[in-house]
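# Commentary on secondary and tertiary structure
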Amino acid sequence: MLEEQTPAGLALRPDLVSVVIGVNDTLRCTFDIHAVATRLDEVYRAFTRQGAVLLTACLPDPGATLGLPGALARPLARRQRAVNAVVHALSERYGAVHLHAAEGAWLSERAMWSADRLHPGERGHRQLAVRFHALLAGTGLAEGPAPSPEPDFPAPTRAASLWWLATAGTGWVARRCTDLLPQLLGLAADEMRHRARGTSARLDLRAKAAVSAALAALSVTERADAV
């Protein structure tokens with residue numbers, strides 16, 4: 001996003017720009033909340049300096065949407081909470097129109113999601129559009145009627161979804177098995193050890209401390225740039 005999409009987006013000189021990312025970062029062995037915070041800050045700053053209004057969102061935890069067992073899901077949930085905390089803080093810093101999309105009954109509706117259960121389908125994207133429109137209307141930035149929440153096209157059949165999973169989906173699974181899975185198994189083992197000892201809170205505190213350190217580092221850099 002930083003190296004390819006941001007320069008292309010800046011060249012368009014947009015009035016509004018949506019930066020809704022973060023889940024894929026949590027699904028990589030290279031996950032680093034400091035790197036996520038630094039890159040997001042660069043993107044947000046570049047667009048707001050051009051005068052664009054940012055649209056941002058916190059996102060649901062991928063372990064829950066994928067239906068992973070608790071020991072595997074909890075480390076991913078902790079990562080997603082860290083990303084969301086950074087997005088919240090930077091959205092406030094840059095005056096973004098921010099959508100809280102990490103929770104809500106609509107997230108548990110299967111019809112909202114594509115076959116991979118990580119990306120919204122058409123109905124899910126329309127739900128996001130409806131909610132963003134409401135936020136923009138509340139700030140006087142939206143004109144015209146709200147988008148329809150109803151899809152223009154029928155939902156993919158079960159056979160089509162299975163075919164997608166068996167073709168395009170296998171590549172994603174293969175990449176995650178060689179990239180994330182070994183690390184995730186280690187995180188799950190660590191999770192179970194802490195739960196057995198009753199020290200799971202330490203993992204949460206460690207993640208919160210990492211977020212605080214990442215945001216503090218950005219503040220130091222910002223002050224240095226100002227000088």
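Below or above, wherever it landed, is the structure these notes cover. (Residues numbered from 1 in each chain as written. Predicted model: local features only at pLDDT ≥ 70, side-chain atom pairs only at ≥ 80, totals over all residues. Heavy atoms only, no water.)

All right, on to the overall build of the protein chain then. Helix and strand counts for the protein chain stand at ten helices and three strands. In the protein chain, the succession of α and β elements from N to C terminus is α-β-α-α-β-α-α-β-α-α-α-α-α. By the compact-globule yardstick of 17 Å for 227 residues, the protein chain fits well, its C-alpha radius of gyration being 19 Å. Judged by the C-alpha coordinates and their principal axes, the protein chain covers about 55 × 50 × 30 Å. In the protein chain, buried positions account for 37% of the 227 residues. (Helix = DSSP H or I, 4+ residues; strand = E, 2+ residues; numbered from the N terminus. Rg over C-alpha atoms; globule rule 2.2 N^0.38 Å. Buried < 20%, exposed > 50% of the residue type's maximum accessible area, 1.4 Å probe, protein only.)

Quick look at the sheet that holds strand β1 (residues 16–19) now. One open sheet holds the three strands; their spatial order is β1-β2-β3, and the pairing between them is parallel. For this open sheet the edge positions go to β1 and β3 (97–100), each flanked by a neighbour on one side alone. Neighbour-to-neighbour, the strand axes of this sheet turn through a mean angle of 20°, independent of strand direction. Bridging between strand β2 (residues 53–58) and β3 involves four bridges; their strand directions are parallel. Paired with Leu-55 across the strands is Val-97, a residue of β3. Along the sheet face, helix α5 (residues 70–93) touches β2 and β3 and points at about 155° away from the line of β2. Its contacts with the sheet put helix α6 (residues 122–138) on β1, β2 and β3, and the angle it makes with β3 is roughly 135°. (Pairing = 2+ DSSP bridges. Axes fitted to C-alpha atoms, helices over the stretch in contact; angles between N-to-C directions. Contact = heavy atoms within 4.5 Å.)

Our next topic: the side chain of Arg-78. You can see Arg-78 is positioned in helix α5. Within the structure, Arg-78 has its side chain in polar contact with the side chain of Asp-204 (distance 2.9 Å). In this structure Arg-78 touches Glu-191, Leu-203, Asp-204 and Ala-207, once residues within four positions along its chain are discounted. (Polar contact = N/O pair within 3.5 Å; in protein donor to acceptor, adjacent residues only side chain to side chain.)

Right, let's talk about the packing of aromatic side chains for a bit. Taken as a whole and assessed by the stated rule, the structure comprises one aromatic pair. Aromatic side chains Tyr-44 and Tyr-94 sit 6.1 Å apart centroid to centroid with 85° between the ring planes, which places their arrangement in the edge-to-face category. With a gap of 50 residues between them, Tyr-44 in helix α3 (residues 33–49) and Tyr-94 in the loop between α5 and β3 connect regions that are remote in the sequence. Residue classification places Tyr-44 among the buried positions, given a relative accessible area of 1%. (Phe/Tyr/Trp six-rings, centres within 6.5 Å; stacked < 30°, edge-to-face > 60°.)

By the secondary structure assignment, Pro-156 is in the loop between α6 and α7 (158–166). A relative accessible area of 61% places Pro-156 in the exposed class. In the structure, Pro-156 is positioned 22 residues away from Ala-134 in sequence and 28 Å away in space, judged by C-alpha atoms.

What follows concerns the pattern of salt bridges. Counted according to the given criterion, the structure contains ten salt bridges. Among the ionic pairs, Arg-78 bridges to Glu-191, the shortest N-O distance being 3.0 Å. Placement of the pair is Arg-78 in helix α5 and Glu-191 in helix α9 (residues 181–197), with a sequence separation of 113 residues. With a relative accessible area of 13%, Arg-78 lands in the buried category. (Salt bridge = Lys/Arg side-chain N within 4 Å of Asp/Glu carboxyl O.)

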